[in-house]
Amino acid sequence: MTTEAPEIQSPAASPSPALAAYQATAPYYDEFTADHDYELWLGNLLPQLRRHGLAGQRLLDVGCGTGKSFLPLLEEGWQVTAVDISPAMLAIAAEKAAGRARLEVADMCRLPELGSFDLVWCLDDAINYLLSVAELDSALTGFARQLAPGGLGLFDSNTLAAYRGFWSEEHRLTTPSNELHWQGQVSPGAPAGSEMRARLRALDSGGRLVAEALHRERHFRQEEILAALDAAELECLEIFGHGYDAVLEQPLDEQRHSKSVYIAKAKEGR
């Protein structure tokens, strides 16, 4: 099914720092994440979802960014609705989707009623931009409202290993038009449940600063996530961990895996 993307407008004022971060990051995001193999990652995730009964092809992608997380499914004929808090990121996604998906600006903490979906997912640590357990509760409750009977939810969350690793490091990437500087501000010994910060700077070919974004995330402990799922009347079906190879493993190891992955469904009788 093809649906025309609506005009993208800025959302109402939001307390989320993610909006400012991704408005500034949007022109550089695809270059900065060029080595992220979404087809490999999704190819590992989807069989697990099917094992838990995923049957339909109606996707709600929450925090879709520039569309990398839904494009492989769009190519396979899925009916896609996607939302993001950043109009700039969503504009790039809309260009890629070329009218084949419904796109809306929305804050995941205050999701509107968007429909009934077989799969609601939120990928690539978007969940970590929620900076409190209360925001996590609100987001997962919003996810649950969108699930069709028998539908599944899936999201990933950065682990301590990710924050004590990449988020504590400095990296430079040279592109044809810019040099991108990632400056991690996290201590290698950062405790669980902390707010984590990093700064991304873009410099032009003359070395002049042209954009800067402060990225703020929160590490969520497994028990916090499970409690938030329970509060949203979602049953956790499975938890995986994986490293940068995207190979799903159990049990989750916060010291070794860079991401945790949660699969959930609505509780019986909800």
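Below is a summary of the structure that appears in this document. Values in this document were obtained by computation on a predicted structure and should not be read as measured data.

Glancing now at helix α2 (residues 38–51). Turn by turn, an α-helix covers 3.6 residues, leaving residues three or four places apart pointing in a common direction. Helix length check: α2 (14 residues) gives 20 Å between terminal C-alpha atoms against 20 Å at 1.5 Å per residue, within 8%. Listed as buried for α2 are Y38, W41, L42, L45, L46, Q48 and L49. Take α2 and look down its axis: the buried residues cluster within an arc of 165°, on one side only. Buried-residue contacts for α2 involve α1 (17–32), α3 (71–75), β4 (117–122), β5 (147–158), β10 (234–242) and β11 (259–266). Where α2 begins, one side-chain oxygen reaches toward the backbone nitrogen of E39, 3.4 Å away; that side chain belongs to D37. Two residues or fewer past α2, G53 is found with a positive phi of approximately 105°.

The subject of this paragraph is the packing of helix α5 (residues 133–145) against helix α7 (residues 222–231). As a packed pair, α5 and α7 sit with axes 8 Å apart at the nearest point and diverge in direction by 45°. Taken together, the axes of α5 and α7 are oblique relative to one another. Relative to α7, α5 is oriented so that their crossing is right-handed. Where α5 abuts α7, its residues V133, L136, D137 and L140 lie against E224, I225, A228, L229 and A231. Tallied by class, the residues present in the contact of α5 with α7 amount to seven nonpolar, no polar and two charged.

Moving on: the packing of aromatic side chains. Tallied over the entire structure, the rule returns eight aromatic pairs. Judged by centre distance (6.1 Å) and plane angle (65°), the ring pair of Y22 and Y29 falls under edge-to-face. Y29 matches Y22 in its accessibility class, with the two residues each being buried. Note on W167 and W182: the rings are 5.2 Å apart at their centroids and 90° apart in plane angle, and the pair reads as edge-to-face. In this pair, W167 sits in the loop between α6 (160–164) and β6 (170–174) while W182 sits in strand β7 (residues 179–184), placing the two residues 15 residues apart along the sequence. For W167, a relative accessible area of 5% translates into the label buried.

Let us look at the pairing of β11. With respect to burial, β11 is a largely interior element, six of its eight residues being buried. Bridge count between β5 and β11: seven bridges; the pairing is antiparallel. When the sheet's bridge partners are listed, N158 is paired in β11 with K259. Inspection of the sheet shows β10 paired to β11 by eight bridges, in the antiparallel sense. Across the sheet, I239 pairs through a bridge with Y262, a residue of β11.

For α1, with 16 residues, the first-to-last C-alpha span of 20 Å runs short of the 22 Å given by 1.5 Å per residue. Of all the bends in α1, the greatest, near 70°, is centred on A26, and the proline P27 appears no more than four residues after it. Every buried residue belonging to α1 is among A18, L19, A21, Y22, T25, A26, Y28, Y29 and F32, and all of these are buried. In this structure, the buried residues of α1 make contact with α2, α4 (87–97), β6, β7, β8 (195–203) and β9 (209–218). Two or three places before A18, at the start of α1, stands the capping residue S16, its side-chain oxygen 3.1 Å from that residue's backbone nitrogen.

Here we have seven strands laid out as an open sheet, ordered β3-β2-β1-β4-β5-β11-β10, and mixed in their pairing. Two strands bound the open sheet, and with one partner strand each, they are β3 (102–105) and β10. Strand-to-strand twist across the sheet, computed as the mean angle between neighbouring axes with direction ignored, equals 15°. Pairing of strand β1 (residues 58–62) with strand β2 (residues 79–84), which is carried by five bridges, proceeds in the parallel orientation. From the neighbouring strand, L59 faces β2, where its bridge partner is V80. Across the sheet, α4 is in contact with β2 and β3; its angle to β3 comes to roughly 170°. Against the sheet, α7 makes contact with β5, β10 and β11, and its axis sits at roughly 150° relative to β10, the strand it touches most.

The rules behind these values
- Residues numbered from 1 in each chain as written.
- Predicted model: local features only at pLDDT ≥ 70, side-chain atom pairs only at ≥ 80, totals over all residues.
- Heavy atoms only, no water.
- Helix = DSSP H or I, 4+ residues; strand = E, 2+ residues; numbered from the N terminus.
- Expected span 1.5 Å × (residues − 1).
- Buried < 20%, exposed > 50% of the residue type's maximum accessible area, 1.4 Å probe, protein only.
- Arc of directions from axis to C-beta.
- Contact = heavy atoms within 4.5 Å.
- Polar contact = N/O pair within 3.5 Å; in protein donor to acceptor, adjacent residues only side chain to side chain.
- Axes fitted to C-alpha atoms, helices over the stretch in contact; angles between N-to-C directions.
- Parallel < 35°, antiparallel > 145°, perpendicular 65-115°, else oblique.
- Left-handed = near helix turned anticlockwise from the far one by under 90°.
- Nonpolar A, V, L, I, M, F, W, Y, C, P; charged D, E, K, R; others polar.
- Phe/Tyr/Trp six-rings, centres within 6.5 Å; stacked < 30°, edge-to-face > 60°.
- Pairing = 2+ DSSP bridges.
- Bend = angle between axes of the 7 residues up to and from the residue.

Keep in mind these numbers describe shape, not what the thing actually does.
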